[in-house]
Amino acid sequence: MALSDSVTTCLSPPVHYVICKLGFEKTDTYDINNIVSENGEVCWQAVTEHVCYLKSDQSVDYIESIRSLGPVCESVNLHFKSLTKEQFVIQYALWFRWTNCSELFLEVFDVLQYTQTTEVALGLMKLTSCLERALGDVYLLIGKDCPFLLRDLLASEKLAVVFGQAVMNVLRVFIGSPYGLNLRNVLWHGFASPQEIPAKYCAMLLFLTAGLGQLLQTYLLQTKCILVHRPYVIFVSLEELDVFPLNHEMLSIAEELVKLSSFVLKTMLPFWMDALTAFKQSRYADCVILLLPQLEVGLRLLFTTTNKCPNRLLTAEVKFLSKMLAKHLDNEEVNQLPAVLEEPTMASEFLWDFLNHQEGPRIRDRLSHGEINLEAFPRKVANQIVALAITLLCRFSDEDMFAFKEHMAIKPLMNCASCYRSRFHPISRLKKQVLECMKSIHLWPELPTVPEEHVETTKGLEGNAEASTLILMMSEILSRLQRYMPQNCYSSDDPINSVLTERLLIALCDTYICTLYSPRPVLEIVVVLRKISTQCHQVSEQVIASTELRYKQWMNKTLRSRQRHNYLRMLNSIKFLSPVLRLILVLITLELVNIHLVCKKNPFDYQQYLKFLKSVLQYTENLVTYTSSEKNKWDETMELTNKALIKIKEICDRKLMLMQLAT
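Residues numbered from 1 in each chain as written. Predicted model: local features only at pLDDT ≥ 70, side-chain atom pairs only at ≥ 80, totals over all residues. Heavy atoms only, no water.

An unreviewed UniProt entry lists the chain under the name EMARD protein, from Rissa tridactyla.

Next comes the structure, spelled out in structure tokens:
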């Protein structure tokens, strides 16, 4: 029998007791009229009096509080079931407006009228994420830098000022504390199966949210403050997130796979089925909210199985997903999970890209913390999560499911997965930066320039000794680096124009670089390389803007004599600045391609190398200053460039470039 069949719960015995039994031990009944008035006003005294405190330090006694609040939650749940939708709207809808997503809370009321357990769990996940976002907005009324973690937010003094400490303690019994019910975390991290979340806790959180709205209104009237909602995060460059193909036939196969794959815990099967249904109904946020915890629990099952640590299947740890994909375990032994994932899905890089990397979409963080407008969740993002799920279902299926894996509809998806390369790791972002910068520099020859007959004799660089020196140094640097470049990319007749091309950069950027487990020296070097690339791009954009502006002013004859002279010096300077910037971009990319090889070698004085890189960075930062429209210091630009090339040539001569050290 597969392990996925034998696991009946992902809740540890103590947590299972707290969530599924503790709040049912007391069978007292409470008159709902003592808890809420006829017009829907929450009587907070009748709720807060059920929070118990330890005699030792007066901190919350979570066990006794849950036991005492259990019957209150049941009374609230029955109260909501007794109301029609119209009655609920009349009494409570106004008090959800502070959350900026009233409709969601009204939908949760609809869910509570039925017994569909997956819908209750989904409603709770959406409710807690939106509630957290709204509480963060309240925090910012009197504080700065809203805490990232819900537990820190609920424990903050700022919210206690607005709502009262007793009220915040009630909330912490339900969410935000690992010692309480901790409903948000057990659901978002895939520990609770649908039948393990009592509906009465969902009802109680809905009720408490309305009560918070009432308290907030009082506070806002007293202080004359205005609650401002932070804007939602919007996914940009959706084309970068469009990786996997997905069609209706794949979804149909996925519905069969979830029933057979060892990646799926049988107790969690309803979540998988509802997620696929949500996708087909164009409820893309619901689909992803349901799927992400299941991907985590499936990976946790693989992690604990491959690393022989079954006890960790039932534990919630900070950043556990990152730990599951790490190179080593806590005991320094090699983590076996990434090796299992590498073939054929490349799931490790995908998961890091979509969930962890700071410049990636960080889908789970943003969904679980309420940063995304659920109504406008993009289909393209949901496509990728569903497609990844299908590849994992196929990857971890029995041998007798070969027919599924080789199915004509699934094969393109699996082939695409096997070729996946990171898009949001700093190394990948650097490649993108370099190519964008080169595109910008390639626009320079197309910039308008004054007709030859308008050009006066001026002190410039063209044809003089300084220009020849620059060209000679660049040629010598390129000749030393020739062996490290792709074949057919170097011509001794014209080394500068034959090498410093966009085609070369594209070829170099296509080189696969492993982004998993990048050591600290690599990441530190990449940070500096990215800064250099950014500065080069800024210089290019400034040159483009200045050239276009000065040309118009020249043609309109609005330039003074000194400005005309400076304009002509600029035109002469940029003829040489272009190949220098292109040389720097080529060097960045060549160094990047060799970075992992070098950082594995000993000895490598990467601090000395960083010092060199920072000198190049300083040069590019000075270029940004000198080429700005405010400065226009073109003679100084060329003097600076000459010194920078001398430094680069010196490093090449001493064979201290990474590409030289790698061979």
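Colleague: What is the right way to look at the pattern of salt bridges in this model?
Modeller: Should their charged atoms come close, side chains of opposite charge can pair. Enumeration according to the criterion identifies 25 salt bridges in this entry. In this structure, Glu296 engages Arg300 in a salt bridge whose closest nitrogen and oxygen atoms are separated by 3.2 Å. One end of the pair is Glu296 and the other is Arg300, both in helix α16 (residues 284-306) and four residues apart, which spans about a single turn. Linking Arg569 and Asp635 is a salt bridge whose minimum nitrogen-to-oxygen distance equals 3.4 Å. Highlighted residues: Arg569 in helix α29 (residues 561-599) and Asp635 in helix α31 (residues 634-653), separated in sequence by 66 residues. In this structure Asp635 comes out as partly exposed when scored by relative accessible area, which is 33%. Via salt bridges that share partners, Glu107, Lys126, Arg283 and Asp286 belong to a single interconnected network. (Salt bridge = Lys/Arg side-chain N within 4 Å of Asp/Glu carboxyl O. Helix = DSSP H or I, 4+ residues; strand = E, 2+ residues; numbered from the N terminus. Buried < 20%, exposed > 50% of the residue type's maximum accessible area, 1.4 Å probe, protein only.)

Colleague: Sorry, what's going on with the domain arrangement of the chain here?
Modeller: Where the parts come together, the accessible area they lose is often given as the size of the interface. Each domain of the chain was delimited in the assignment, giving domain 1 (13-223), domain 2 (238-315 + 323-419) and domain 3 (429-661). The straight-line distance from the C-alpha centre of domain 1 to that of domain 2 is 31 Å. If you look at the interface, domain 1 gives 22 residues, while domain 2 gives 26 residues. With both sides pooled, the region where domain 1 packs onto domain 2 buries about 2,100 Å², and carbon together with sulfur makes up 64% of that total. If you sort the residues of domain 1 by the area they bury against domain 2, Phe148, Trp188 and Phe191 come out on top, with a joint share of 28%. There are one salt bridge connecting domain 1 and domain 2. Two residues, Lys126 and Asp286, come together in a salt bridge whose shortest N-O distance is 2.9 Å. For the side of domain 1 that touches domain 2, the secondary structure elements donating two or more residues are α6 (102-112), α7 (117-139) and α11 (183-188). When residues in the side of domain 1 that touches domain 2 are grouped by element, the largest group, nine residues, is from α7. Looking at side-chain class alone, the side of domain 1 that touches domain 2 contains eleven nonpolar, six polar and five charged residues. (Domains from an automatic or database assignment. Contact = heavy atoms within 4.5 Å. Buried area = accessible area lost by both parts, 1.4 Å probe. Nonpolar A, V, L, I, M, F, W, Y, C, P; charged D, E, K, R; others polar.)

Colleague: Hey, could you run me through α6 in this one?
Modeller: Given 3.6 residues per turn, any residue in an α-helix points the same way as the ones three and four places further on. Extensive coverage of α6 is indicated by the burial of eight of its eleven residues. Listed in full, the buried residues belonging to α6 are Ser102, Leu104, Phe105, Leu106, Val108, Phe109, Val111 and Leu112. Packing partners of the buried residues in α6 comprise α4 (62-82), α5 (85-92), α7 and α12 (199-223).

Colleague: Any chance you could explain the UniProt feature "domain: DUF4209" (unreviewed entry) in the chain here in plain terms?
Modeller: When the UniProt feature table is mapped to this numbering, "domain: DUF4209" (unreviewed entry) covers residues 131-211. Split by type, residues 131-211 is 62% helix and 0% strand. Its first and last C-alpha atoms lie 12 Å apart. (UniProt positions renumbered as here; feature names shortened; annotations may be inferred.)

Colleague: Which parts of the structure should I look at to understand α12?
Modeller: End to end, α12 covers 36 Å across 25 residues, agreeing with the expected 36 Å (1.5 Å per residue, within 8%). Counting buried positions along α12 yields 18 of 25 residues, so the element is predominantly enclosed. Two residues or fewer past α12, Lys224 is found with a positive phi of approximately 65°. (Expected span 1.5 Å × (residues − 1).)

Colleague: Any chance you could explain the side chain of Glu240 here in plain terms?
Modeller: You can see Glu240 is positioned in helix α13 (residues 238-241). Separated by 2.7 Å, the side chains of Glu240 and Arg429 make a polar contact. Other than its neighbours up to four places away in sequence, Glu240 contacts Arg423, Phe424, Arg429 and Lys432. (Polar contact = N/O pair within 3.5 Å; in protein donor to acceptor, adjacent residues only side chain to side chain.)

Colleague: In this structure, what is going on with the nonpolar core? I would like to understand it.
Modeller: In globular proteins that are soluble, nonpolar side chains generally tend to be buried together. If you look at the biggest cluster of nonpolar residues, it comprises 155 residues, and the most contacted ones within it are Phe80, Phe174, Phe207, Ile363 and Phe377. If one sorts the elements of this core by residue count, α16 sits on top with 14 residues. Excluding residues within four positions of it along the chain, Phe174 makes contact with Leu69, Cys73, Leu181, Asn182, Leu183, Tyr201, Met204, Leu205 and Leu208. Counting residues in hydrophobic clusters, the runner-up holds 77 residues, among them Leu430, Leu583, Tyr609 and Phe612. (Core = buried A, V, L, I, M, F, W, Y, C linked by side-chain atoms within 4.5 Å.)

Colleague: Before we go on, may I ask you to explain the packing of helix α14 (residues 248-260) against helix α15 (residues 269-280) in this structure?
Modeller: To characterise two packed helices, one gives the angle between the axes of the helices and the distance between these axes. Running from amino to carboxyl end, α14 crosses α15 at an angle of 170°, the nearest separation of the two axes being 10 Å. Viewed along their axes, α14 and α15 adopt a mutual orientation that is roughly antiparallel. Every residue of α15 that contacts α14 at His248, Leu251, Ala254, Glu255, Val258 and Lys259 is listed here: Leu269, Trp272, Met273, Leu276, Phe279 and Lys280. (Axes fitted to C-alpha atoms, helices over the stretch in contact; angles between N-to-C directions. Parallel < 35°, antiparallel > 145°, perpendicular 65-115°, else oblique.)

Colleague: Can you walk me through the state of the cysteines in this structure?
Modeller: Each disulfide is one covalent bond, formed between the sulfur atoms of two cysteines. Evaluated as defined, the whole model comprises zero disulfides. The closest cysteine sulfur to the non-disulfide-bonded Cys419 is located on Cys416, 7.0 Å from its own sulfur. Here Cys437 is not cross-linked by a disulfide; its sulfur's nearest cysteine counterpart is in Cys536, at 5.3 Å. Taking the relative accessible area as the measure of exposure, Cys437 reaches 0% and is therefore buried. (Disulfide = S-S within 2.5 Å.)

Colleague: Whenever I open this one, the packing of aromatic side chains confuses me. Can you help?
Modeller: Aromatic rings considered in pairs are described by the distance between their centres and by the relative angle of their planes. All chains considered together, the criterion is met by 22 aromatic pairs. Summarising the aromatic geometry, the rings of Phe244 and Tyr420 are spaced 6.3 Å apart at their centres and angled 35° between planes, so their arrangement reads as tilted. You can see Phe244 sitting in the loop between α13 and α14 and its partner Tyr420 sitting in the loop between α23 (411-418) and α24 (426-441), a full 176 residues away along the chain. Judged by centre distance (5.3 Å) and plane angle (70°), the ring pair of Phe279 and Tyr284 falls under edge-to-face. Counting every residue linked through ring pairs, the aromatic cluster contains Phe80, Phe88, Tyr92, Phe96, Phe105, Phe109 and Phe207. Stacked on the ring of Phe24, the Lys or Arg Lys200 has its end atom at 3.7 Å from the ring centre. The aromatic ring of Tyr512 is capped on one face by Arg421, whose charged end is 4.3 Å from the ring centroid. (Phe/Tyr/Trp six-rings, centres within 6.5 Å; stacked < 30°, edge-to-face > 60°. Lys NZ or Arg CZ within 6 Å of the ring centre and 35° of its normal.)

Colleague: Is there a simple way to explain the environment of Leu392 in this structure?
Modeller: Along the chain, Leu392 turns up in helix α21 (residues 379-395). Taking the relative accessible area as the measure of exposure, Leu392 reaches 0% and is therefore buried. Sequence spacing of Leu392 and Glu371 is 21 residues, and the spatial spacing of their C-alpha atoms is 27 Å.

Colleague: Explanation requested: the packing of α4 against helix α10 (residues 165-174) in the structure shown.
Modeller: At a minimum axis separation of 10 Å, α4 and α10 run at an interaxial angle of 90°. Here α4 lies roughly perpendicular to α10, going by the angle between them. Across the interface between the two elements, Tyr62, Ser65, Ile66, Leu69 and Cys73 from α4 touch Arg172, Val173 and Phe174 from α10. Here the residues of the contact of α4 with α10 sort into six nonpolar, one polar and one charged.

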